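Chain residues, written in single-letter form:
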Amino acid sequence: MKRILSGVMCLIGTAAWAGSGIVDSIQFGHSVSEQAHQLQAENSEIAEGALGLKVRRLLPRDDHRWRGGTAAFEMAVDPDEVNYCTVKLWGGDTSKDSVRLMLFIDGKQVGQRHLGEVEQLDVSGPYPRFEGLFYYHTFPLPLKETQGKKKVALAIELQGGIWAYGQTFDRFQPDLKEPSRGLYRMYTHTDPFFEPAADERQGGVLSPPVRPADDAAGAVEKVKARINQTLADLLSRKDDRFTQEELGFMARAYHEPWSAVYQSPELVERIVGGIDNQYLHYLGEQGEFEWKKTWFGFGYSGDAVRYLAKELKPFLDRPIRGKTISRKEGWAKMFVASRDGHVVNRRSYTNQSMIWDMYSIYLCNRALAVVDPRQAWPEKEAVQFMYESMGLEPWSGSRKSPDGEPTWSMGRAYLQLTEAGLTKELGYVGAYGEVLDLVCKMYDATRPAYGQPGDARLKEQVIKIARARAAFRYPSTDPDGYRAMRMEAVVGWRDFKYPGQVAYGQGVTRESIPCGAAAATLDPVMIGYAQQLFEDRQFGASVKEVMKNNSLRTSLALLDVPHTYETILAQPEQPTRLPMAPGQPDVVFADPENGVVAVKNGDEILYASLYWRARYAVNHLARVHYMTPTIERSATVLQETRFKDSGHVHRMKDRVNGPFFSKFERDYKEAGELGERLATAGVEQPIAVVPETYPDYEPGRENIFAGKGTFYLLAYGDYLIAMNCTADETFDFEVPAGFAGAKDLVSDRRVEAKKAVVKPRQTMVLYRTETF
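Residues numbered from 1 in each chain as written. Predicted model: local features only at pLDDT ≥ 70, side-chain atom pairs only at ≥ 80, totals over all residues. Heavy atoms only, no water.

*Asks:* Can you lay out the packing of aromatic side chains for me, pointing to particular residues and giving the numbers?
*Replies:* Going through the model one piece at a time under the given rule, you end up with 37 aromatic pairs. Taking the centre distance of 6.3 Å and the plane angle of 45 degrees together, the rings of Tyr-136 and Tyr-187 count as tilted. With Tyr-136 in strand 10 (residues 134–140) and Tyr-187 in strand 12 (residues 185–189), the pair connects residues that are 51 residues apart, well separated along the chain. Tyr-187 shares its class with Tyr-136; the two are buried. Members of the aromatic cluster, each reached through a chain of ring pairs, are Trp-66, Phe-169, Phe-172, Phe-660, Phe-661, Phe-664 and Tyr-668. When the ring centre of Phe-134 is taken as reference, the NZ or CZ atom of Lys-88 above it lies at 4.2 Å. Taking the ring centre of Trp-377 as reference, the NZ or CZ of Arg-339 above it sits at 4.0 Å. (Phe/Tyr/Trp six-rings, centres within 6.5 Å; stacked < 30°, edge-to-face > 60°. Helix = DSSP H or I, 4+ residues; strand = E, 2+ residues; numbered from the N terminus. Buried < 20%, exposed > 50% of the residue type's maximum accessible area, 1.4 Å probe, protein only. Lys NZ or Arg CZ within 6 Å of the ring centre and 35° of its normal.)

*Asks:* Kindly report on helix 6 (residues 216–235), identifying the contributing residues and their values.
*Replies:* Note that an α-helix has 3.6 residues per turn; residues three or four places apart therefore point the same way. Here helix 6 contains 20 residues, and its C-alpha end-to-end distance of 29 Å stays within 8% of the 28 Å for a straight helix at 1.5 Å per residue. When we look at burial in helix 6, the residues that qualify are Ala-216, Gly-218, Ala-219, Val-220, Val-223, Lys-224, Arg-226, Ile-227, Thr-230, Leu-231 and Leu-234. Check the buried side of helix 6 and you find it contacts helix 7 (244–253), helix 8 (265–283), helix 18 (539–547), helix 19 (552–558) and helix 20 (561–569). (Expected span 1.5 Å × (residues − 1). Contact = heavy atoms within 4.5 Å.)

*Asks:* Provide a residue-level description of the sheet that holds strand 27 (residues 749–750), including the pertinent values.
*Replies:* Strand order in the open sheet formed by six strands is 20-23-24-29-26-27, and the pairing between neighbours is antiparallel. At either end of the open sheet lies a strand with only one pairing partner, and these are strand 20 (640–642) and strand 27. Two elements, strand 20 and strand 23 (residues 711–716), share three bridges in a ladder whose sense is antiparallel. What sits directly across from Thr-641, in strand 23, is Tyr-712. (Pairing = 2+ DSSP bridges.)

*Asks:* Describe the confidence of the model for the chain, listing the residues and the values that go with them.
*Replies:* In the predicted model, the chain carries a mean pLDDT of 93, and the fraction of residues at 70 or more is 96%. Long-range and interchain partners of residues 1–20, a stretch whose pLDDT sits below 50, account for 46 contacts in this model, where long-range means more than four residues apart. (pLDDT = per-residue confidence, 0-100.)

*Asks:* Please set out the sheet that holds strand 6 (residues 84–90) residue by residue, giving values where relevant.
*Replies:* As summarised here, the arrangement of the nine strands in space is 1-12-6-10-19-18-17-16-15, forming an open sheet in which the pairing is mixed. In the strand order of this sheet, the two ends are held by strand 1 (22–27) and strand 15 (587–591), each with one partner. Within the sheet, the average angular offset between the axes of one strand and its neighbour, ignoring direction, is 15 degrees. Pairing between strand 16 (residues 596–601) and strand 17 (residues 604–609): six bridges, direction antiparallel. By the bridge assignment, Val-597 is partnered in strand 17 with Ala-608. (Axes fitted to C-alpha atoms, helices over the stretch in contact; angles between N-to-C directions.)

*Asks:* Run through the side chain of Thr-446, naming residues and quoting values.
*Replies:* For Thr-446, the position within the fold is in the loop between helix 14 (436–445) and helix 15 (456–470). At a separation of 2.8 Å, a polar atom in the side chain of Thr-446 contacts the main-chain amide nitrogen of Asp-455. Aside from chain neighbours lying at most four places away, what touches Thr-446 is Tyr-362, Arg-366, Glu-379, Val-383, Met-386, Gly-454, Asp-455 and Leu-458. (Polar contact = N/O pair within 3.5 Å; in protein donor to acceptor, adjacent residues only side chain to side chain.)

*Asks:* Describe the nonpolar core, with residues and values.
*Replies:* A general tendency of soluble globular proteins is for nonpolar side chains to be buried together. Formed by 102 residues in total, the largest nonpolar core has its most connected members in Trp-331 and Phe-335. Considering each element in turn, this core owes the most residues, 11 residues, to helix 12 (residues 350–371). Leave out the neighbours within four places in its chain, and Phe-335 touches Phe-298, Ser-301, Gly-302, Val-305, Cys-364, Ala-367, Leu-368 and Val-371. With 72 residues, the next largest nonpolar core counts Leu-141, Met-186, Ala-679 and Tyr-694 among its residues. (Core = buried A, V, L, I, M, F, W, Y, C linked by side-chain atoms within 4.5 Å.)

*Asks:* Outline helix 18, listing residues and values.
*Replies:* The buried fraction of helix 18 amounts to seven of the nine residues, a majority that puts the element mostly inside the structure. Along helix 18, the residues classified as buried are Phe-539, Gly-540, Ala-541, Ser-542, Val-543, Val-546 and Met-547. Against helix 6, helix 17 (524–535), helix 19 and helix 20 lie the buried residues of helix 18.

*Asks:* An account of unusual backbone geometry is requested, with residue identities and associated values reported.
*Replies:* What you tend to see is this: most non-glycine residues have negative phi, and most peptide bonds are trans. The omega torsion of the bond from Glu-425 to Leu-426 falls at -15 degrees, within 30 degrees of zero and hence cis. With respect to the helices and strands, Leu-426 occurs in the loop between helix 13 (379–389) and helix 14. The residue after Tyr-498, namely Pro-499, is reached through a cis peptide bond having omega 0 degrees. As for its placement among the helices and strands, Pro-499 is situated in the loop between strand 14 (483–487) and helix 16 (516–521).

*Asks:* Account for the pattern of salt bridges, naming residues and giving values.
*Replies:* A complete count under the given rule lists 59 salt bridges for this structure. Between Asp-122 and Arg-181 there is a salt bridge; the shortest N-O distance is 2.8 Å. You can see Asp-122 sitting in strand 9 (residues 122–123) and its partner Arg-181 sitting in the loop between helix 5 (169–172) and strand 12, a full 59 residues away along the chain. Both residues of the pair, Asp-122 and Arg-181, count as buried. Via salt bridges that share partners, Asp-240, Arg-270, Asp-276, Arg-321 and Arg-327 belong to a single interconnected network. (Salt bridge = Lys/Arg side-chain N within 4 Å of Asp/Glu carboxyl O.)

Spelled out as structure tokens, the structure:
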């Protein structure tokens, strides 16, 4: 079945526009429907779900740690067309442990467990997907499993959530402790856009109330209390064996007038002892510390030196405790080793590059500028690494030696950010793309002294990134059911928890506080986003959410909360609000470099990743997240992809866990009959031309160009998206009859021609209404 997905594209010209109906449907929890589909269930129950409807839930099993109940049944399919499967779930159901549902077809697994181009049937999470409404999730059934058949055997299995960073199977795949969400219905159909029957019960209209009160000032006081308690605990130690994070935390707190260590000479002496101790780590005399392998190197210690440059001067010519070498000489060796050791081994993913270049390289060089300026690189040379990580200059790759030439491993024109301001990893990413906390730290790191302005170019890039991310905030609810904006995660390459976090201008994580970038830059547009957060009474709630994490890195981030709070309250009222917020004008954000689109069209919001998890080859798949006030849809669907064919193909590997690692494959495949094989194993996908600037590329390796199209054409419901991803080519396409006279939401013009032309880097979003 060579290039089977390429062959599928001949169907796009007909079936995708035809609005094909439902082939079959099963109503779970209803005996007549289940018996008609020969459903057999184990470790399952019928319960009452939302709106009084019956549901079937799958339950944990006593005899297996991570595999739960199953429901096996038959469903009709079209023997000639591409078939899609859609499951109906209640948006208010949650799972503390993020349990999952896996679909099987004739015993083979459909989709992969972690970050596959087709995912599991359902990935639950601790927060509601769409409070008070149903949502429908759609993905394609493998063509080779349905072709020539009128009926297939399907099965759904409950499985435990995963911890993606687990290094052992038990940590990666925790035990299953919760039942599944309620299963309402499942459908097979041939139109990628699923439309439920008009008489099918739905929820109400999404209209959450505003949080009645938000004790923002009280939250700030709790932050101060936590910071001061942490400082007291640290200083109560009898020795100075502080971690690097602790040193950076204490040095930063030294400058806060409200902190218990404000301008404390005792604190400075303790930090000096702590950096001495880090030098012993460097020598290998204080236990194992793989500083060469960490993303941070000795960066936190370097940050402490930067914050206390003036205060540390008297200590530099004195010997390190227990040694004869001076601090000037010893500390300098440590910071040079970190800087030079990391500059020859840089990371290419955007967020990783930012962390690596700021901490291990730049901050260590800033420390050298204090400790031994003769060994420090000029600021212009050192900040260049952060310019590259933030997409201001082409990313030059690792150096061949600390003082050698760069490798230019990604070519001489590769930028870490798109022209629109999004990170590249490889396409759009949600959580990992939330780099505002990082880029604010990078800007802060360039301040000549505490409180002074930092690098102007970095500041402008912070603003650009924040404004680009703003399009990826949509109206939803917070964990308590009140009105809030959330980060878009469903169409993210590296996202595996849905929905995304509550986020306005800046995402809220264990190391990121609300409004931090707005306070750092005072950009009027970002101030408007921050004021929207205050209007929704979410500042205090967001701070409390951050405080749930007890790590020291969280405390380090929280140090900025009091200043941020006071700064935002002092700003004049701004008219700008997040573009997807209710009442805002219609808008289209398109980024052809990442192949992603965000559309606000009245009360409808549509996100689409046209370049979707195509790590190794062109997969002809798009990821869609579509919301209206009454229904939510997420889908992985086929689209037309034009590309420059290299003549090579990638054969999909039989990996049930994930596409890019084989770890734990044996653990999963030996767990039972279901899932021993991936249903798409062996399918061949065409590889696009990879530029010659990647001389080490081999077919089968991950590459940003191997699966990227030059032109995408996606039909989904009343929307037709055409995107030209090139900088120098022009494409055209036949406008389907159903879209004749449709309005292009980008240009705000109607398309009357039968053939539309799409210029370089241009995106068209055609929208048809009942009148056309």
